[in-house]
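Coordinates in review
Listed below, chain by chain, are the residues.
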Amino acid sequence: MKLVVSVLALAAACTSIASARPFPAGRVLAPPANVRVKPNSYIIEFHDGAMGTLVDQILGLANFAVGQHFNGLFNGMSVRVGDSVRPEHLAKMRGVKRVYPNRVHTLAAQAGAKNITSSYLHTMTGATAAWGEMGLSGKGISIGIIDTGVDYTHPDLGGCWKRPNCPWQKGADLVGDDYSPDDYDPVIKPNPTPLDQCDGHGTHVAGILMARGDLVRGVARDATYGMYRIFGCPKNGMGSGTTDEIIIKAMLAAHRDGHDIISMSLGGLSWEDSPTAVVASKLVARGVVVVAAAGNEGEDGLVTVAVPSISRGAISVGSVENWDITGGPVNVATTLGARTIAKWEPGSPANFFVFDKATPVVAVRDAAGSPLACAPVSQDLAGKIALVYRGECEFAVKEAVAQEAGAVGILIVNNDGAPGSPPAPDSIKIGVALIGKQDGEFIAAALRKGPVTITAPSHLYNTFKSETGGQMSTFSSYGPSPQLGMGPLLSAPGGNIWSTFPRALGSYKSLSGTSMATPYAAGALALLKQGRPDLTPAELRQALMASSRPVTDVRTGLPVTPFQSGAGLINIADAVKSRVLVSPPFIAINDTAYETHPGGNPAVAQRTITITNTDKTRAAQLLMYHQAADSVTMFKPDGTLSDAVTNGAPLDTWPPAKKAVPAGTQPQVSCTGCVQTIAPGASATVSVRITRPTALPESGRWFYGGFINFQLQWAGDNAASSYVVPYSGYNGNFRDIPVLPPATTNLIAFVDMKGVPIADVASLTVTAEKPAQVSYSLTMPTRKVAVTLVNAAGKSLGYLPYGCKNDAARTLPSQGGHTVLLNGQVSADCWGTQVDVAPGKYRVKLTALKLFGNPDSKSDYESRISEEFTIA
């Protein structure tokens, strides 16, 4: 559709819109920093009662290409506009509530060593007991899955679509095979059914939920299902992607189809008021259980939990490693003998480490003799597999070095860190695998004696015991949310999960990610809802959380922080058998400075927990006890970000070396009413006082937490039952954590248009024909960040192109800094017209709003100034 009408015509149309009642001014949410958005594409949310008039007016404008219509639960539409139309023009239309950027989303899963679903896995989650002892299978429960589609022709997944007695009774393809959010005008040609033949993520998720074969057993095999396909096929070497507008359309469709539970193995960094989070909260308010992935950014530290999982009332799911893995074997042939070893590989099919024919291996060395592949190598690796070592630089750097030297694959030898799936960006097109340290040393020793070749067949597997079984997956994202809320809320198996895959792509595959933990938790909720049909969605969440078990940190012997595990690993059978409701299901403590302190003691927070005995015939004896969890930080003593979350225990050894935890570094809990009898059907309250870790300095920026455990024994029972309430807080004033890194760091950097750093900024000359980019980092999320151009007199001349952003996520080391264009142009406001500046000397000023800061208060902003450069 051509976009030809002028801004004046748009403004006239906007002001002509009448309403029976006044509406508050609309709010523009600028694109979050470091987040992909679709250019000139927005989601407009309307106030209730305004939609009809607005739609009629908007559809009459030729400079709008209207995409999706949303009504009922979420009133609005998605639009594409011409270059001259700015979002503040849309926000000025009477009846507009919010204008959101249309974000682009990609799938978050990684391939893992193959695993046949073992009875041990389901035993540890209580699924085996729920199936056998209780006869639960999900029958009568309806689950909607929003994903890449499903290969419903797979015999383990029913082999049918919308026939009588078929598990697939709802759903649709919303995009088609050719859809890509990166296209200016995406092709949306839905197929008759959401058949997944080109990606596999949705088929894998579906198997975790409902597979009925011998190799994979789903959690809720007899539930009724719907699949809503929102991703096209991968193309041009890129993974599948989608946008907010398509996700929202799927969420609304799943709601209209009457699903009890919606499972969403997707998400991205943002704030709780992003559009998908707003819709998720509305779904929960309408009685739908929304289960969403916490995210796979755990190796980038705290404050990485994803939306929509942190939306109000949703269930955010973290990932626990599987106990048994079955690795697609790597067969090594050497003059010292043969060996079969396990591997961990990325999630993209382009990077699967599969070599059906014998392929030679070469030990890589750079010019300095280093085997780390952190610098280019001169070796000719054409047709060979590169053997490199983990350490000093990101996996992506090593992969790029090997690929540029001609390698067809790369084996990365693990150091003393925990094994796991190595990430690979879309630019990497070769096979990638991480192998164990001892296996890597065997190959290196063999190479010193003679040639080494490898085969890695796609159709074979060997079973190994996992060294990390039952522990939190290193990729599983951490909370808190940008507003200090708890997330994830609970955890389920997500590391190295064997499940169904499209028949055209091999029928079975192992993937790792919170994408895998999410359907496991959704299936658990289906069994719980079947066994406890009296529970509301909020009570289902309470019951599953309270029956979870904290995950032990093998380095400290303490429970893992709730900021990564939530309440812990789910136990389905215990949740079904529960005779208790605990409220609240978790406690998110404010920071030390702004918490309401009993008796004025700044070290103490007080909360009241209500325990309801749902047994109508027997009283229960209550006893409370406390488990302090790891206190964690992601900051070094100098205030800069650390490479990893630390709890004070050594991070560089595997198997881990256990370290005694110093006194005073964990919180303490006391209580009133912690020993009492609760009458049949009655409720009791317990007052808890949580004392922050007094031995931890506030300068260390520590996050603390733990688990309040309630042990209840009913009259006539031989044993007590345990229930848990996780709590978490920040040791200090959350508002004092700098959003910007220390001034001593190279905070504002300059790079050319290919991303190559510019070392001599003083000699940099920028022109329209030779632009550059400004790169910056954010230590913490911020509601508002601005990048402006400052002249020699210190006066700000305006915003750089795309230099005004809202709801910015913190910088992730694995993804690099945020960037804006430097081309000699500025705008007077966030969305104004760009104008040229006069030639001369300039600097860049970076300004960011502090955590919980007042955007109208100048004192609530941090700022930094760059080195001087020239614009010609």
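Scroll up to find the structure this text is about.
One structure accompanies this document, and this report is about it. (Residues numbered from 1 in each chain as written. Predicted model: local features only at pLDDT ≥ 70, side-chain atom pairs only at ≥ 80, totals over all residues. Heavy atoms only, no water.)

1. A few points about the overall build of the chain
Worth spelling out the cut-off: Labels follow the DSSP assignment, with helices taken as runs of H or I lasting at least four residues and strands as runs of E lasting at least two, numbered in each case from the N terminus. Residues are treated as being in contact if the distance between any of their heavy atoms lies within 4.5 Å. Note on areas: these come from Shrake-Rupley sampling with a 1.4 Å probe, and a residue is covered only by the protein chains present in the view.
For the chain, the count of helices and strands is 14 helices and 47 strands. A separation of at least 24 residues holds for 76% of the contacts in the chain among residues at least 6 apart in sequence. Of the roughly 32500 Å² of accessible surface on the chain, a fraction of 51% belongs to carbon and sulfur atoms.

2. Description of the pairing of strand β8 (residues 168–173)
Quick reminder of the rule: Note on pairing: DSSP must find at least two bridges between two strands before they are called paired. Every crossover in which the path from the first strand over the helix to the second runs clockwise, viewed with the strands pointing away from the viewer, is termed right-handed.
Sheet topology note: the β8/strand β9 (residues 224–229) ladder contains five bridges and is parallel. Directly across from Asp173, in β9, lies its bridge partner Arg229. As a crossover connection, the stretch from β8 through helix α6 (residues 201–210) into β9 is left-handed.

3. Observations concerning the state of the cysteines
Here is the rule we go by: By definition, disulfides here are pairs of cysteine sulfur atoms that lie within 2.5 Å. Any residue under 20% of the maximum accessible area for its type is buried, any over 50% is exposed, and the rest in between are partly exposed; the area is computed with a 1.4 Å probe on protein chains only.
Evaluation of the coordinates by the stated rule reveals four disulfides. Here Cys160 is linked by a disulfide to Cys166, with a sulfur-sulfur distance of 2.2 Å. Measuring handedness by torsion sign, the sulfur bridge of Cys160 and Cys166 sits at about 100 degrees and is right-handed. With relative accessibility at 6%, the residue Cys160 sits in the buried group. Each disulfide pairs two cysteine sulfurs, and for Cys198 the partner residue is Cys233, the sulfurs being separated by 2.0 Å. The S-S bond linking Cys198 to Cys233 shows a torsion near -90 degrees; that makes this disulfide left-handed. Of the two residues, Cys198 is situated in the loop between β8 and α6 and Cys233 in the loop between β9 and β10 (241–243); the sequence distance between them amounts to 35 residues. Accessibility expressed as a relative area gives 16% for Cys233, which makes it buried.

4. Structural notes on helix α9 (residues 395–404)
So the rule is basically this: Think of the arc as the fan of directions from the helix axis to the C-beta atoms.
Residues Phe395, Lys398, Glu399, Val401 and Ala402 constitute the buried set of α9. Buried residues along α9 cover an arc of 160 degrees about the axis, so they all sit on one side. Looking one or two residues past α9, Gly406 carries a phi angle of roughly 100 degrees, positive in sign.

5. Observations concerning the sheet that holds strand β18 (residues 385–389)
What counts is decided by this rule: Every angle, taken between N-to-C directions, lies between 0 and 180 degrees, and every axis is a line fitted to C-alpha atoms, over only the stretch in contact when it is a helix.
Spatial ordering of the open sheet is given by β16-β15-β21-β17-β18-β19-β20, a layout of seven strands whose pairing is mixed. Taken across any chain shown, the strands that pair with only one partner, and hence form the sheet edges, are β16 (337–341) and β20 (431–435). Across the sheet, the axes of successive neighbouring strands diverge by a mean angle of 25 degrees, strand direction being ignored. Pairing between strand β15 (residues 330–334) and β16: five bridges, direction antiparallel. Paired with Asn331 across the bridge in β16 is Thr340. Taken strand by strand, α9 contacts β18, β19 (409–413) and β20, and its axis lies near 140 degrees from that of β19.

6. Considering the packing of α6 against helix α11 (residues 514–531)
Stated precisely, the cut-off is as follows: Take the far helix as the reference: if the near one is turned anticlockwise from it by less than a right angle, the crossing is left-handed, and if turned clockwise, right-handed. All amino acids are sorted into three groups, where Ala, Val, Leu, Ile, Met, Phe, Trp, Tyr, Cys and Pro are nonpolar, Asp, Glu, Lys and Arg are charged, and the leftover types, Gly among them, are polar.
The N-to-C vectors of α6 and α11 enclose an angle of 35 degrees; their axes lie 8 Å apart at closest approach. As α6 runs across α11, the sense of the crossing is right-handed. Between α6 and α11, the residues in contact are His201, His204, Val205, Ile208 and Leu209 and Ser515, Met516, Pro519, Tyr520, Ala522 and Gly523, respectively. Residue composition of the contact of α6 with α11, grouped by class: seven nonpolar, four polar and no charged.

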